[in-house]
Amino acid sequence: MKVLVSDNISPKGVELMKKAGIHVDVRTGMSPEELKACIAEYHGLVIRSATKVTSEIIEAAASLKVIGRAGSGLDNVDKEAATKRGIVVMNTPGGNTITTAEHAIALMFALARNIPQATLSMKEGKWEKKKFMGVELFNKTLGILGLGNIGSQVARRAHAFEMNVIGYDPFLSDEKARELGVEKVSIDELFRRSDFITIHTPLTPETKNLVNSESIQTMKDGVYIINCARGGIVNEGDLYDAIQSGKVGGAALDVFEKEPPEDFSLIRLDRVICTPHLAASTREAQENVAIAIAEQVVDYLLNGTIRNAVNFPSIPADQLPRLRPYITLSEALGSFAAQVYEGGITEVTVEFRGEAGEIDTTSPSPH
Ligand code: 9EZ
């Protein structure tokens, strides 16, 4: 088995794959043409965010079985093209959790105490005490939008500062909310009550522009907004207007609609602090995600076990032997049907009978 590592990942991940007996080539900084020319010989491709895995690359990838992203974002992979070719696309959603939660907390403190602005002022040789009056976090209400892995860790940390933590997530159970000590509220109530709002949702059609002029109007005057989730969840033009009017007291942004941004007018506002998508950039997280993706890719190429795939359900190792013959048969039937029906297949109905009907055929939910 041969794996190509085409972006910079921690050497620990490369070592792990080599120890498992996989031939690993590390070739970073390739042009799309170079990648296209060499991809055919590889069974696995390990990337971060730099390599663009377009449909053109996937067409050339004759032997490719798996694309592994060391990290979570998969904007640089044509998942549909990969799925069509039966290539499993995996990421490592767990490896960045603590690091990203810590960044959100760091941004919240920096926002409350004007740390970046005061640093800049002193570096310009000034001593401006009045200008940088801050606020305490103690007894403030923190609204967490999205209580998956990262949002949950933010909640745990916010309790240490004795904040009043409220949260909204469509997948949040009463039990999980109780376990986290988070008051479960509607999204309207979260907007209405929060002094600070931090976002930890994926970017989906439902969350795109979730924070816009309309929702901002329902928030507290002077609310602080933190986004280190995905660009586009906060509408940048609307946030600009709301900061200019004083409705929003300040914003901390790690992610942007376009990265790097073309328009820096929001970023240049005094009440905006920002980092260039650094939430996952710690030594620990980069090592975590490199090791995690190496383990997952090895496990798939050598044992057929699928974990953290975005285009295939995760099958527990203990169920795999029983399920494997059905997967192989389904692949063969799918390939056969796709070749026979020249008009193309638009819909497939699957029924489970006999032994297959006794296997757990449900896909896990996001949480
Ligand atoms: C949406 C969400 C959270 C959310 C969380 C997850 C798919 N999805 N959507 C709106 N996992 C808060 C507000």
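Our subject is the structure listed above.
These remarks concern the structure in this document. (Residues numbered from 1 in each chain as written. Predicted model: local features only at pLDDT ≥ 70, side-chain atom pairs only at ≥ 80, totals over all residues. Heavy atoms only, no water.)

Attention shifts here to the sheet that holds strand β2 (residues 23-26). Pairing is parallel across the open sheet formed by 5 strands, whose spatial order is β2-β1-β3-β4-β5. Taken across any chain shown, the strands that pair with only one partner, and hence form the sheet edges, are β2 and β5 (88-90). Across the sheet, the mean angle separating the axes of adjacent strands is 15° when strand polarity is ignored. Relative to the sheet, helix α1 (residues 11-19) contacts β1 (2-5), β2 and β3 (44-47), its axis offset from that of β2 by approximately 155°. Of the strands in this sheet, β1, β3, β4 (66-69) and β5 are in contact with helix α12 (residues 283-303), which crosses β4 at around 165°. (Pairing = 2+ DSSP bridges. Helix = DSSP H or I, 4+ residues; strand = E, 2+ residues; numbered from the N terminus. Axes fitted to C-alpha atoms, helices over the stretch in contact; angles between N-to-C directions. Contact = heavy atoms within 4.5 Å.)

What follows deals with the site of the ligand. For the ligand, the set of nearby residues contains 10 residues, the closest of which are Tyr-168, Pro-170, Thr-201, Pro-202 and Thr-207. Taken by itself the ligand offers 340 Å² of open surface, and the protein chains cover 85% of this. (Near = heavy atom within 4 Å. Areas by Shrake-Rupley, 256 points an atom, 1.4 Å probe, with all protein chains shown as cover.)

Taken as a whole, this structure holds 15 salt bridges when the rule is applied. As a salt-bridge pair, Glu-287 and Lys-12 come within 3.1 Å of each other at their nearest N and O atoms. Here Glu-287, found in helix α12, pairs with Lys-12, found in helix α1; they are 275 residues apart in sequence, far enough to count as distant. Under the relative-accessibility criterion, Glu-287 is labelled partly exposed at 32%. Where Glu-128 meets Lys-131, a salt bridge forms, and the shortest distance between an N and an O atom there is 3.9 Å. (Salt bridge = Lys/Arg side-chain N within 4 Å of Asp/Glu carboxyl O. Buried < 20%, exposed > 50% of the residue type's maximum accessible area, 1.4 Å probe, protein only.)

On to α12. Its 21 residues give α12 an end-to-end C-alpha distance of 29 Å, which sits within 8% of 30 Å, the value for a rise of 1.5 Å per residue. Restricting attention to buried positions, one finds in α12 the residues Ala-285, Val-289, Ala-290, Ala-292, Ile-293, Ala-294, Gln-296, Val-297, Val-298, Asp-299, Tyr-300 and Leu-301. On its buried face, α12 sits against β1, α1, β3, β4, β5 and α5 (97-113). Phi for Gly-304, located one or two positions after α12, is positive at around 80°. (Expected span 1.5 Å × (residues − 1).)

What follows concerns the packing of aromatic side chains. All told, the structure shown has 2 aromatic pairs when counted by the stated rule. With centroids separated by 4.8 Å and ring planes inclined at 75°, the aromatic side chains of Phe-109 and Phe-161 adopt a geometry described as edge-to-face. Residue Phe-109 is located in helix α5, and its partner Phe-161 is located in the loop between α7 (149-160) and β7 (164-168); the two are separated by 52 residues in the primary sequence. Geometrically, the ring pair formed by Phe-196 and Tyr-224 is stacked, given 4.9 Å between the ring centres and 20° between the ring planes. On the criterion of sequence distance, the pair formed by Phe-196 in strand β9 (residues 196-199) and Tyr-224 in strand β10 (residues 223-227) is long-range, its members being 28 residues apart. Here the basic side chain of Lys-2 rests over the ring of Tyr-42, its NZ or CZ set 5.3 Å away from the ring centre. (Phe/Tyr/Trp six-rings, centres within 6.5 Å; stacked < 30°, edge-to-face > 60°. Lys NZ or Arg CZ within 6 Å of the ring centre and 35° of its normal.)

Such coordinate-based values are descriptive only and should not be taken to indicate function.
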